[in-house]
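# Observations on the three-dimensional arrangement
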Amino acid sequence: MKRSRNPIIDLMRFVFIICVVLHHAILFRPRIMAGYIGVEFFFIVSGWLMMKKLAAYTGEIDVGTYTFQFIKHKLSAFYIELLVSSIFGLIAMQVFNWQGMKALGAAFVYLMGDFALLQIWGFPVYSATGVVWFLSAMVSAALIMVPLALKLEKIFNYVLAPVLVLCISGTLISQIGYIGVVLEPAMGGWIHWGLLRAIADMSLGCIAYEGTMAIRKMKVNEKYSLLLHFIEIGGYLGTLTIAIIEPDSSKGDFIMVFLLGVSVMVSFATTGSEISYRLALLFNNLGKFSLFIFLNHFYIAHVLSLYVSQFSTKQLDIIYAIAILILSLLALFVSRKIRGKVFKIL
């Protein structure tokens, strides 16, 4: 039976969401790992999926209209969940750190910046979710890359995408020394590194897409299949190992990004068809639920940072895990209710 979702990619979505969660735990405990590398995985997968979507472009509608439809489809995948989680975060941060009505009014104003997804362009936001920059960068990068990819076709994947990866990564290595930059200004302040980071990683995803298609065209025997799985698993494990051994930002970040690009390429090529239906269903559900964890962990870490002196690190870790689970489930429930009503209206 053909599967609409790749179970291995969904499983790794969940794994790398946990990495991001552990990374943001630095707000109330010592650093555990370089968990920000999880963001690179999401950017790479976004680039791969973007190219898969663009491969079906027939030219029946103009590039501008197709780009608009692509961005609209992208937003529909997470926007309601973002609205719900942002409101949850606003409530939590105000309740546990009340500073008066004036501060609450300012928070609501800044929350509009979250909803507009303009943080990566320098606009002020409230960012209770802590990940608005990522969504802003992903959508903005797609807005730039989709029309270019449609116009240039194969030239984009084989020429421009590699150039973007090499130029942006090389500049990051020489000027910054690591990859975990977000709102630091680049190019004289005209753009932020977070957007360039998104463009580079999504371009790597486009390259990975071509590699996936090449692998799928090959006749894969049992030995070759085992080699691919070894490369796939080795890339993910290698990334996680480096992230744990080198918890602080370093040039090892770029090795991790390369390994992720290779592993994502292989994961999409193998499709996870050998995984049982029940296990695939579990992985798929973990992948879907990871969005809610992604959107509902940062404000909890922020709140816990106010209580560092009152609880031990172990106690804070337990509260963090339980609170994330409860609020993510609540956000899932509320988001589904809203989606159901919206679809009925439409």
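## Considerations on the pattern of salt bridges
One pass over the full model with this rule turns up 6 salt bridges. For D317, the salt bridge is made with R29, and the minimal N-O distance between the two is 2.9 Å. With D317 in helix α13 (residues 313-345) and R29 in the loop between α1 (7-24) and α2 (37-54), this pair connects stretches of sequence that are 288 residues apart. Exposure remark for D317: the relative accessible area of 25% places this residue in the partly exposed category.

## Let's talk about the side chain of S203
Turning to its location among the elements, S203 is positioned in helix α8 (residues 193-217). Looking at S203, the relative accessible area reads 0%, which means it is buried. Beyond its immediate chain neighbours, meaning those up to four positions away, S203 contacts M145, A161, L164 and V165.

## A word on helix α4 (residues 79-96)
Given 3.6 residues per turn, any residue in an α-helix points the same way as the ones three and four places further on. Compared with an ideal rise of 1.5 Å per residue, which puts 18 residues at 26 Å, α4 spans 26 Å between its outermost C-alpha atoms and is within 8% of the ideal. Within α4 the residues assigned to the buried category are I80, E81, L82, V84, S85, S86, F88, G89, L90, A92, M93 and Q94.

## Quick word on α8
An ideal rise of 1.5 Å per residue puts 36 Å on 25 residues; α8 measures up with 36 Å between its terminal C-alpha atoms. When you tally the buried positions in α8, you get 21 out of 25 residues, the bulk of the element.

## Let's talk about a nonpolar patch on the surface
The grouping of L118, W121, F123, I144, L148, L152, I155, Y158, V159 and V163 at the surface amounts to a nonpolar patch, some 870 Å² of accessible area in total. Elements with a minimum of two residues in the nonpolar patch: α6 (132-152) and α7 (154-176). Among the elements that take part in the nonpolar patch, α7 stands out by supplying 4 residues, more than any other. Of note, V163 is situated in helix α7. Of the residues examined, V163 reaches a relative accessible area of 40% and is grouped as partly exposed.

Reading guide: rules and limits
- Residues numbered from 1 in each chain as written.
- Predicted model: local features only at pLDDT ≥ 70, side-chain atom pairs only at ≥ 80, totals over all residues.
- Heavy atoms only, no water.
- Salt bridge = Lys/Arg side-chain N within 4 Å of Asp/Glu carboxyl O.
- Helix = DSSP H or I, 4+ residues; strand = E, 2+ residues; numbered from the N terminus.
- Buried < 20%, exposed > 50% of the residue type's maximum accessible area, 1.4 Å probe, protein only.
- Contact = heavy atoms within 4.5 Å.
- Expected span 1.5 Å × (residues − 1).
- Patch = residues over 30% accessible without salt bridge, like charges linked within 9 Å, V, L, I, M, F, W, Y side chains within 5 Å.
- Areas by Shrake-Rupley, 256 points an atom, 1.4 Å probe, with all protein chains shown as cover.

Just distances and angles here, no functional claims.
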